[in-house]
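Residue-level listing of the chains:
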Amino acid sequence: MKSFHSKYNVSGYSNPKADQLIDRSTETLDVNKRIPIYYELFKELKDDPPVLLLSYLKILSAHNARIQGISPDPVSILNRSIPKLKIQ
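(A) A look at the environment of R66. By secondary structure assignment, the location of R66 is in the loop between α2 (31-47) and β1 (67-68). Residues R66 and Q88, 22 residues apart in the sequence, show an inter-C-alpha distance of 5.1 Å. Apart from residues no more than four positions distant in its own chain, R66 is found in contact with K86, I87 and Q88.

The following block contains the structure:
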C-alpha cells in the first residue's frame, strides 16, 4: 500500500528515507517531537533535492505612496494584498 503522501508525488521523486521521515513526522501532533524529524528530512532533501530550480524570479515593484496596505509577496505578487488596499 502506498503511503498517504505518495499520491501527491506527481514529479515521481523517490527517496525511501524521505518517505520514512515524512511518515514519522505525520504520526505525532507534538511539534517538539516533529522538529528533529523535520531537521533530518530537510537535511536529506538538501543532499538529494527532488527538483533543481533553474531560474530565480526577482521582482521590482513600485506604487504610489497614497496606496496603503501593500505587502509584496514574490509568490502571489499582489493577489493577497488586494482586499486590504486603501487609497488615502
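(B) Local environment of α2. Taking 1.5 Å per residue, 17 residues should reach 24 Å; α2 reaches 24 Å between its end C-alpha atoms and fits that length. Inspection of α2 places I37, L41 and E44 among the buried residues, and these make up the whole buried set. In this structure, the buried side of α2 is in contact with α1 (16-26). A side-chain oxygen of the first residue of α2 lies 2.9 Å from the backbone nitrogen of N32; this N-cap is D30.

(C) Broad picture of the confidence of the model for the chain. The predicted model of the chain averages 81 in pLDDT, with 82% of residues at 70 or higher. Per-element confidence in the chain is highest for α2, whose mean pLDDT is 93, and lowest for β1, whose mean pLDDT is 86.

(D) Focus on the side chain of N15. Its location among the elements puts N15 in the segment before α1. Here N15 falls in the buried class, since its relative accessible area comes to 6%. One polar contact links the side chain of N15 to the main-chain amide nitrogen of K17, over a distance of 3.0 Å. Excluding residues within four positions of it along the chain, N15 makes contact with E44 and D48.

(E) Broad picture of the pattern of salt bridges. Counted according to the given criterion, the structure contains 3 salt bridges. Between K17 and E44 there is a salt bridge, with its nearest N and O atoms 3.7 Å apart. Taken as a pair, K17 in helix α1 and E44 in helix α2 lie far apart in primary sequence, 27 residues in all. Owing to a relative accessible area of 16%, E44 belongs among the buried residues under this scheme. Of the charged contacts in the structure, one is a salt bridge between K46 and D47, with a shortest N-O distance of 3.1 Å.

Reading guide: rules and limits
Residues numbered from 1 in each chain as written. Predicted model: local features only at pLDDT ≥ 70, side-chain atom pairs only at ≥ 80, totals over all residues. Heavy atoms only, no water. Helix = DSSP H or I, 4+ residues; strand = E, 2+ residues; numbered from the N terminus. Contact = heavy atoms within 4.5 Å. Expected span 1.5 Å × (residues − 1). Buried < 20%, exposed > 50% of the residue type's maximum accessible area, 1.4 Å probe, protein only. Polar contact = N/O pair within 3.5 Å; in protein donor to acceptor, adjacent residues only side chain to side chain. pLDDT = per-residue confidence, 0-100. Salt bridge = Lys/Arg side-chain N within 4 Å of Asp/Glu carboxyl O.

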